[in-house]
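What follows is the residue order along each chain.
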Amino acid sequence: MMVLTVRKLNIIVFFRHLFAMILSLAAAAAMSSGSSLNSSSPLDPFDSSTSWSLGEDPSNSSSEPVARTLTPDLRPSNTAIAVQEVSPWDIALCVTGTLISCENALVIAVLFYTPTLRAPMFVLIGSLAAADLLAGLGLILNFVFTYLVDGSVEFVTLLSVGLLISAFSASVLNILAITVDRYLSLYNALTYHTERTVTFTYVMVALIWASSLALGLLPALGWNCLGDEPACSVCRPVTKVNAVALAVAFLLVFALMMQLYLQICKIAFRHAQQIAVQHQFVAISTTKGVSTLSAILCAFGACWLPFAMYSIVADSSYPVVYTYATVLPATCCSVINPVIYAFRNPDIQKSLWLACCGCVPSNLSLRPRTSSDV
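The following paragraphs examine the structure supplied in this document. Not measured: the values here are computed from a predicted model.

Regarding the packing of helix α4 (residues 154-187) against helix α9 (residues 320-343)
- Interhelical geometry of α4 versus α9 gives an angle of 35° and a closest axis separation of 11 Å. For the crossing formed where α4 meets α9, the hand is left-handed. Facing α4, whose interface residues are Phe168, Ser171, Ile175, Ile178 and Arg182, α9 presents Thr331, Ser334, Asn337 and Tyr341.
- Of the residues assigned to the contact of α4 with α9, the class counts are four nonpolar, four polar and one charged.

Here's the deal with the pattern of salt bridges
- Counted under the stated rule, the structure contains one salt bridge.
- Between Glu229 and Arg236 there is a salt bridge, with the nearest N and O atoms lying 3.1 Å from each other.
- Note on Glu229: relative accessible area 37%, which makes it partly exposed.
- A residue is classified by how much of its surface remains accessible, and Arg236, at 44% relative accessible area, is partly exposed.

Thoughts on α9
- The first and last C-alpha atoms of α9 sit 35 Å apart over 24 residues, in line with the 34 Å expected at 1.5 Å per residue.
- The sharpest bend along α9 comes to roughly 35°, located at Ile336, with the proline Pro338 sitting one to four residues further on.

Description of the environment of Ile140
- Among the structural elements, Ile140 can be located in helix α3 (residues 120-147).
- Sequence separation of Ile140 and Val95 is 45 residues, and the distance between their C-alpha atoms is 8.0 Å.

Thoughts on the side chain of Asn174
- Relative to the elements of secondary structure, Asn174 occurs in helix α4.
- Since its relative accessible area comes to 0%, Asn174 is described here as buried.
- A distance of 2.7 Å separates the side chain of Asn174 from the side chain of Ser127, its partner in a polar contact.

With respect to the nonpolar core
- Counting residues in each nonpolar core, the largest one holds 49 residues, and the members touching the most others are Met257, Tyr261, Phe300, Trp304 and Tyr341.
- Of all elements in the fold, only α2 (88-113), α3, α4, α6 (198-217), α7 (240-274), α8 (279-313) and α9 reach the threshold of two or more residues within this core.
- Apart from residues no more than four positions distant in its own chain, Phe300 is found in contact with Val172, Ile175, Phe250, Phe254, Met257 and Cys333.

Here's the deal with the side chain of Thr323
- Within the fold, Thr323 resides in helix α9.
- Under the relative-accessibility criterion, Thr323 is labelled buried at 10%.
- Non-local contacts of Thr323, meaning those with residues more than four positions away in its chain, are made with Val234, Cys235 and Tyr310.

Structural notes on a nonpolar patch on the surface
- Taken together, Trp89, Tyr318, Val321 and Tyr322 make up a surface patch of nonpolar side chains, about 370 Å² in accessible area.
- Secondary-structure assignment places Val321 in helix α9.

Considerations on unusual backbone geometry
- The amide bond that connects Arg236 to the next residue, Pro237, takes the cis arrangement and shows omega of 5°.
- Tracing the backbone shows Pro237 in the loop between α6 and α7.

A word on the layout of surface pockets
- Taken as a whole, the largest pocket holds about 1400 Å³ of empty space.
- Looking at the largest pocket, it is lined by 46 residues, and the ones nearest its centre are Val161, Leu164, Cys235, Arg236 and Phe307.
- Broken down by secondary-structure element, the contributors of at least two residues to the lining of the largest pocket are α2, α3, α4, α6, α7, α8 and α9.
- For the lining of the largest pocket, a count of residues per class yields 31 nonpolar, 12 polar and three charged.

Section: the packing of aromatic side chains
- All told, the structure shown has 11 aromatic pairs when counted by the stated rule.
- On the numbers, 5.6 Å between centres and 75° between planes, the contact of Phe168 with Trp304 is edge-to-face. Of this pair, Phe168 sits in helix α4 while Trp304 sits in helix α8; the two residues are 136 residues apart in sequence, bridging distant segments of the chain. One exposure class covers both Phe168 and Trp304, and it is buried.
- Summarising the aromatic geometry, the rings of Phe250 and Trp304 are spaced 5.8 Å apart at their centres and angled 45° between planes, so their arrangement reads as tilted. With Phe250 in helix α7 and Trp304 in helix α8, this residue pair connects regions lying 54 residues apart in the sequence. Comparing Phe250 with Trp304 shows no difference in burial state: the two are buried.

Criteria and cut-off values
- Residues numbered from 1 in each chain as written.
- Predicted model: local features only at pLDDT ≥ 70, side-chain atom pairs only at ≥ 80, totals over all residues.
- Heavy atoms only, no water.
- Axes fitted to C-alpha atoms, helices over the stretch in contact; angles between N-to-C directions.
- Helix = DSSP H or I, 4+ residues; strand = E, 2+ residues; numbered from the N terminus.
- Left-handed = near helix turned anticlockwise from the far one by under 90°.
- Contact = heavy atoms within 4.5 Å.
- Nonpolar A, V, L, I, M, F, W, Y, C, P; charged D, E, K, R; others polar.
- Salt bridge = Lys/Arg side-chain N within 4 Å of Asp/Glu carboxyl O.
- Buried < 20%, exposed > 50% of the residue type's maximum accessible area, 1.4 Å probe, protein only.
- Expected span 1.5 Å × (residues − 1).
- Bend = angle between axes of the 7 residues up to and from the residue.
- Polar contact = N/O pair within 3.5 Å; in protein donor to acceptor, adjacent residues only side chain to side chain.
- Core = buried A, V, L, I, M, F, W, Y, C linked by side-chain atoms within 4.5 Å.
- Patch = residues over 30% accessible without salt bridge, like charges linked within 9 Å, V, L, I, M, F, W, Y side chains within 5 Å.
- Areas by Shrake-Rupley, 256 points an atom, 1.4 Å probe, with all protein chains shown as cover.
- 1 Å grid on protein atoms, 1.4 Å probe; cavity = no way out; pocket = protein on both sides within 12 Å on 5 of 7 lines; lining within 4 Å.
- Points joined across faces, edges and corners; volume = space filled by probe spheres on them.
- Phe/Tyr/Trp six-rings, centres within 6.5 Å; stacked < 30°, edge-to-face > 60°.

This is the structure:
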């Protein structure tokens, strides 16, 4: 009987020690978890910001067993910062701007580091490349201002749209100047090289850039719709009136280019008929030139006409996807310009080959090239 009592006491002592050990481990775990919670997100039962899922008062001191546990509601508050979603159209415009910048920077570098490329024709090509380069940089900056800088600042908005208007206006006007130069080189073929000086070309380029800069400053000078959203055009903050005026001016430039190219074709065919000895050669050359002129005019119209017509009929209430769908082809014109007006030129091709590999291909034509060549 005594042995059983001692064994029973030993068992009780063992369970006491076991229970105490469990309590100590639980207390240590609770203290460690409590310290981690306090370091990250402290929970205070008396804190008004902490909600509890227990239906009863936590201070209830009833002796009745409670099966429910106190569980704090850790749902995040509504103070999270919303991340702006990047539009695929803006990405496409940024990529296009990068391609434009690289192409035209290459053209400017070749013209700058080649002393022989200083004729009036190359001055106009360099001015066109500079305009397209600024247009590409403007597209990149527009993406940066939209997603990386606070676009609600008026200065940022006006700077972005002013740069784009100036660059694309200079690009269109330089293309018109190149067309006029080609027409004059055929119309006054005998006196062209004596009348056409580099100084006159620089004056014309200066007038082009002054006009483009004036157009780009119009939004900053008050011709904007920042204070009157219903008056906005498809390109905020340009007003509807300004957008229509720019579109009509572009249509007039395009009509003038068509007229000049038609006159160039007539003069070329007239020269082909007058030179009977080289009739076959000139006929082939004239046909190729006419097809090239048609391709240039069609590419220019296909890029810019959709956006110009849409700017006339649409306003800010139209879906923005239509604006992107017409603006993107217009920017692609600056991608095509270096190919049409620079990379097809044998002199520029020669400089590129010499810069890249130090040699010139044998099949590259090195005949003298005039402004009338397309």
